[in-house]
Amino acid sequence: VMNDIISAMFKKNFLEELFKPQDLYSKKALRTVYDRLAHTSIMRLNQASMDKLYDLMTMAFKYQVLLCPRPRDILLVTFNHLDAIKDFISDSPAILNQVDETFRQLIETYNCLSDGEFQLIRQTLLIFFQDMHIRVSIFLKDKVQNSNGRFVLPISGPVPWGTEVPGLIRIFNHKGVEVKRAKFTTAGNYITPQREGSFELYGDRVLKLGTNMYSVTRPVETHMSGTSKNLASQAKENIVPNPLAKEELNFLARLLGGLDIQKPAGGETGFRLNLFTTDEEEEHAAQTRPEELSYKVINIEATQEPGRRAELSRILGEMEVAEPRPGSAGKGEDLLALMDGL
């Protein structure tokens, strides 16, 4: 299952679409891609479990972006994600090569950006997640999230790389010469970081954000905070038609064209992943979830337009691997081969 999902996630065609310069798209579009990725294996999730998985993903990512010591460290968080993924597929060289290629593209695309550009990326991501305040049990127990679903920014620990520990004021004259110093006491216990995390293909990232937060086994629950419910009901999406909706759907069609949903072969039914303790709990969660937050999956029929159909055929053709066919032993097999050819 992990191999199937990771292989689909890092498919060449899918990544080519992701790396194209583009505007940030809507939460519904993100949810659609996420649903398709989660179901590229034989694993299946009911609506409530899918909602819970999506909530965990969005809040964990929001936490990581929010607590980045400096905007450039978003890249280190991403590298931590990819390092963890490589551990999952260490016995699959082909998929490992896909992930390494993505690593190289990230380094080539983002390593050269300025701090100001990374700050713009960080602010854009935080604006996207700003109205989502879902309480997660792990964050509540570790006291990094308040009961209203908002995250707690630490006032202790290492300061961002390249900055100094607060507590010193320097005063300069009009010529830029330092003439006076003053010290003040800070509320937090700050320390200078030992070294900067590695932005290379391999290396110590130093930053722990983006590493496995489930390394200690414990139950994980999500609950909608009152603030989130109110904001969700006030800010329903797509009340006013979006002029970019057609372009977004076109983009989604191209993006999803490279994601094949794996269907169990023969009599196999696959398996269902339930993120709740019991089926009854899952059913109850599905019934009590606010309608505004149950992102309906967008079904896209991308085969009507001739141009789109040709594009998807090209993508599917690139994904197919020709397998050598053994010599046929009889007329029956020759007939089957002929029908396959048609």
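Scroll up to find the structure.
Computed from a predicted structure; not experimentally measured.

Draft legend 1. Summary view of the overall build of the protein chain. Of regular secondary structure, the protein chain possesses 13 helices and eight strands. The proportion of buried residues among the 342 residues of the protein chain is 37%. Sequence-distant contacts, at least 24 apart, represent 74% of the contacts inside the protein chain between residues at least 6 apart. As displayed, the protein chain offers around 21000 Å² of accessible surface, 56% of which is attributable to carbon and sulfur atoms.

Draft legend 2. Quick look at a nonpolar patch on the surface. On the surface, a nonpolar cluster with roughly 420 Å² of combined accessible area is contributed by Ile169, Ile171, Val177, Val179 and Phe184. Of note, Ile169 is situated in strand 4 (residues 168–172).

Draft legend 3. Representation of the environment of Leu67 within the structure. Topologically, Leu67 is positioned in the loop between helix 4 (47–66) and helix 5 (73–88). Separated by 87 residues in sequence, Leu67 and Pro154 have C-alpha atoms that sit 8.3 Å apart.

Draft legend 4. Structural context of the layout of surface pockets. Each pocket or cavity is described by its volume, and for the second largest pocket that value is around 1000 Å³. What lines the second largest pocket is a set of 42 residues, among which Leu67, Pro69, Pro158, Leu207 and Leu209 lie closest to the centre. The element best represented in the lining of the second largest pocket is helix 4, accounting for three residues.

Draft legend 5. Fine view of the nonpolar core. Phe79 and Phe139 are the most contacted members of the largest nonpolar core, which totals 41 residues. Mapped onto this core, the elements with two or more residues apiece are helix 4, helix 5, helix 6 (93–110), helix 7 (115–129), strand 2 (134–136) and helix 8 (137–141). When residues of this core are assigned to their parent elements, the largest contribution, seven residues, is made by helix 5. Leaving out residues up to four positions away in the same chain, Phe139 has contacts with Met59, Ala60, Tyr63, Val144, Gln145, Phe151 and Met213. By size, the runner-up hydrophobic cluster in this structure holds seven residues, among which are Ile5, Tyr34, Leu45 and Tyr54.

Draft legend 6. Looking closely at the packing of aromatic side chains. Across all of its chains, the model carries seven aromatic pairs by this definition. For the ring pair Phe61 and Phe129, a centre distance of 5.8 Å and an interplane angle of 65 degrees mean the geometry is edge-to-face. In this pair, Phe61 sits in helix 4 while Phe129 sits in helix 7, placing the two residues 68 residues apart along the sequence. Residue classification places Phe129 among the buried residues on the basis of a relative accessible area of 4%.

Draft legend 7. Looking closely at the environment of Arg44. You can see Arg44 is positioned in strand 1 (residues 43–44). Placed 228 residues apart in sequence, Arg44 and Arg272 show a C-alpha to C-alpha distance of 4.7 Å. For Arg44, the side chain forms a polar contact with the main-chain oxygen of His39, separated by 3.5 Å.

Draft legend 8. Here's a closer look at the pairing of strand 5 (residues 178–183). The element strand 5 is barely covered by neighbouring structure, given that only zero of its six residues are classed as buried. Pairing analysis gives five bridges linking strand 4 to strand 5, with the strands arranged antiparallel. The partner of Phe172 across the bridge, within strand 5, is Glu178. Connecting strand 4 to the next strand, strand 5, in antiparallel fashion are five residues, including Gly176 with a positive phi near 85 degrees.

Draft legend 9. Geometry of the pattern of salt bridges. Overall, the coordinates contain 13 salt bridges when judged by the stated rule. Where Arg31 meets Asp35, a salt bridge forms, and the shortest distance between an N and an O atom there is 3.0 Å. Linking Arg31 with Asp35, this pair stays in helix 3 (residues 27–38), spanning four residues, or about one helical turn. Among the residues examined, Arg31 registers a relative accessible area of 0% and is labelled buried. Connected via shared salt-bridge partners are Glu164, Arg170, Glu178 and Arg181.

What counts, and where the lines are drawn
- Residues numbered from 1 in each chain as written.
- Predicted model: local features only at pLDDT ≥ 70, side-chain atom pairs only at ≥ 80, totals over all residues.
- Heavy atoms only, no water.
- Helix = DSSP H or I, 4+ residues; strand = E, 2+ residues; numbered from the N terminus.
- Buried < 20%, exposed > 50% of the residue type's maximum accessible area, 1.4 Å probe, protein only.
- Contact = heavy atoms within 4.5 Å.
- Areas by Shrake-Rupley, 256 points an atom, 1.4 Å probe, with all protein chains shown as cover.
- Patch = residues over 30% accessible without salt bridge, like charges linked within 9 Å, V, L, I, M, F, W, Y side chains within 5 Å.
- Salt bridge = Lys/Arg side-chain N within 4 Å of Asp/Glu carboxyl O.
- 1 Å grid on protein atoms, 1.4 Å probe; cavity = no way out; pocket = protein on both sides within 12 Å on 5 of 7 lines; lining within 4 Å.
- Points joined across faces, edges and corners; volume = space filled by probe spheres on them.
- Core = buried A, V, L, I, M, F, W, Y, C linked by side-chain atoms within 4.5 Å.
- Phe/Tyr/Trp six-rings, centres within 6.5 Å; stacked < 30°, edge-to-face > 60°.
- Polar contact = N/O pair within 3.5 Å; in protein donor to acceptor, adjacent residues only side chain to side chain.
- Pairing = 2+ DSSP bridges.

By themselves, these observations are geometric and do not establish any function.
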